[in-house]
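One-letter residues, chain by chain:
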Amino acid sequence: MMMGFKWMMVMLLIGGAMGIQPNKPVDVPFGRNYEPSWAFDHIKYLNGGSEIQLSLDNRTGTGFQSKGSYLFGHFAMHIKMVGGDSAGTVTAFYLSSQNSEHDEIDFEFLGNKTGEPYILQTNVYTGGKGDKEQRIYLWFDPTKEFHTYSVLWNLHQIVFFVDEYPIRVFKNNKDLGVKFPFDQPMKIYSSLWEADDWATRGGLEKIDWSNAPFVASYKGFHIDGCESSVNAKYCATQGKSWWDQKEFQDLDKTQWRLLRRVRDKYTIYNYCTDRKRYPTMPPECRRNRDVPRKSSNKN
């Protein structure tokens, strides 16, 4: 699995440029952009705050949040996931608005038994409704070293990246009647918590507390966004930032090919092809070219 994906990367790079990439994340200390949100004693600070560790035990998990709220931008985190037997744990990195009909953009990393691969679940909530889950296996072991997980969000699209590779795009399809998050500023959150009622094999694998504490490590803490009041309806600098420019309104051909590779080779669930939940394919799936050629709906 790993070698096949890396070979694809090499061939695409030989054939042409990687594509228009988001600006390189700027690594800053935790306290520049973030603050603890709960269970402060389960956050450990390393190297002057340039790295932190979240821990989960049988008493509590923990989490942190951004100091500001943002309406569009680029948000990145370097994360090393819980190692060993992580079944029943979830490490989350996501954006969420503060209102009851909230918008949300999710990375959720679902732990697994020792030797089994992590599952990365992404989701998008609009107007308080989600149900747009996609799940993939990663092409590397995310517990061995830090990897970068990032979101590019503008008025035209939301792109999820793993390192520099797009793994999902959610386009603005308002003309199809599909809601898109565009007028509710969001905070950025991360947390480590227990979810053994659903996270691993649908809840069949329970958390083994003898392995606690479970630890996830973080660096980077990059935020490059339009900071706004939680009540703002538009970004005051709309159209002036790099993420608003034309080249970031869509993926280029190379990025679409990379995304299709992820969908074809590593997808284990895609709401777009779940006919039990959606007898008719959602309209955004047809337009977005977001359906793998060989789909699988395994949980």
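In case you missed it, the structure is sitting above this.
This report concerns the structure included in the present document. (Residues numbered from 1 in each chain as written. Predicted model: local features only at pLDDT ≥ 70, side-chain atom pairs only at ≥ 80, totals over all residues. Heavy atoms only, no water.)

### Concerning the pattern of salt bridges
Link 1 in the chain: One pass over the structure, following the stated rule, counts seven salt bridges.
Link 2 in the chain: Where Asp57 meets Arg59, a salt bridge forms, and the shortest distance between an N and an O atom there is 3.8 Å.
Link 3 in the chain: Between Asp250 and Lys171 there is a salt bridge whose closest N-O contact spans 3.3 Å. Within this pair, whereas Asp250 is found in the loop between strand E14 (214-228) and helix H3 (253-266), its partner Lys171 is found in strand E12 (residues 165-171), the two being separated by 79 residues in sequence. (Salt bridge = Lys/Arg side-chain N within 4 Å of Asp/Glu carboxyl O. Helix = DSSP H or I, 4+ residues; strand = E, 2+ residues; numbered from the N terminus.)

### Examining the pairing of E12
Link 1 in the chain: The buried fraction of E12 amounts to seven of the seven residues, a majority that puts the element mostly inside the structure.
Link 2 in the chain: Where strand E11 (residues 157-162) lies against E12, six bridges are found, and the strand directions are antiparallel. Across the sheet, residue Val162 finds its bridge partner in E12, namely Tyr165. (Buried < 20%, exposed > 50% of the residue type's maximum accessible area, 1.4 Å probe, protein only. Pairing = 2+ DSSP bridges.)

### Some words on the state of the cysteines
Link 1 in the chain: Using the criterion set out here, one finds two disulfides in the structure.
Link 2 in the chain: Across the disulfide from Cys226 sits Cys235; the S-S distance is 2.1 Å. Residues Cys226 and Cys235 share a disulfide whose torsion about the S-S bond is about 110°; that sign makes it right-handed.
Link 3 in the chain: On the accessibility criterion, Cys235 (3% relative accessible area) is buried.
Link 4 in the chain: Across the chain, the way the bonded cysteines pair up, counted in sequence order, is 1-2, 3-4. (Disulfide = S-S within 2.5 Å.)

### Considerations on the side chain of His42
Link 1 in the chain: Its location among the elements puts His42 in the loop between strand E1 (34-38) and strand E2 (43-46).
Link 2 in the chain: Separated by 2.9 Å, the side chains of His42 and Asp57 make a polar contact.
Link 3 in the chain: Residues in contact with His42, not counting those within four places in the same chain, are Gln53, Leu54, Ser55, Asp57, Arg59, Thr60, Gly61 and Thr62. (Polar contact = N/O pair within 3.5 Å; in protein donor to acceptor, adjacent residues only side chain to side chain. Contact = heavy atoms within 4.5 Å.)

### Let's talk about the nonpolar core
Link 1 in the chain: Counting residues in hydrophobic clusters, the biggest one holds 68 residues, and the most contacted among them are Tyr149 and Trp153.
Link 2 in the chain: With six residues, the next largest nonpolar core counts Val90, Leu110, Ile119 and Ile268 among its residues. (Core = buried A, V, L, I, M, F, W, Y, C linked by side-chain atoms within 4.5 Å.)

### Some remarks on the packing of aromatic side chains
Link 1 in the chain: This model, assessed by the stated rule, comprises 25 aromatic pairs.
Link 2 in the chain: Here the aromatic rings of Phe72 and Trp153 are separated by 5.0 Å at their centres, their planes lie at 65°, and the arrangement is edge-to-face. Taken together, the positions of Phe72 in strand E5 (residues 69-80) and Trp153 in strand E10 (residues 147-153) put the pair 81 residues apart, joining distant regions of the chain. For the residue pair Phe72 and Trp153, the accessibility class agrees, reading buried in each case.
Link 3 in the chain: Seen in terms of ring centroids, Trp242 and Phe248 are 5.1 Å apart; in terms of plane orientation they differ by 75°. Their pairing is edge-to-face.
Link 4 in the chain: Residue Phe248 is classed as buried on the basis of its relative accessible area of 6%.
Link 5 in the chain: Grouped by ring-pair contacts, the aromatic residues Phe30, Tyr34, Tyr45, Phe64, Tyr218 and Phe221 constitute a single cluster.
Link 6 in the chain: The ring of Phe182 carries Lys174 above its face, with NZ or CZ at 5.1 Å from the centroid.
Link 7 in the chain: Lying over the aromatic face of Phe146, Lys219 brings its terminal NZ or CZ to 4.4 Å of the ring centre. (Phe/Tyr/Trp six-rings, centres within 6.5 Å; stacked < 30°, edge-to-face > 60°. Lys NZ or Arg CZ within 6 Å of the ring centre and 35° of its normal.)

### Focus: the environment of Lys187
Link 1 in the chain: Note that Lys187 resides in strand E13 (residues 186-194).
Link 2 in the chain: Expressed as a C-alpha distance, the spacing of Lys187 and Tyr34, which sit 153 residues apart in the sequence, is 9.9 Å.
Link 3 in the chain: Here the side chain of Lys187 touches Ser66 through a polar contact of 3.4 Å, landing on its backbone oxygen.

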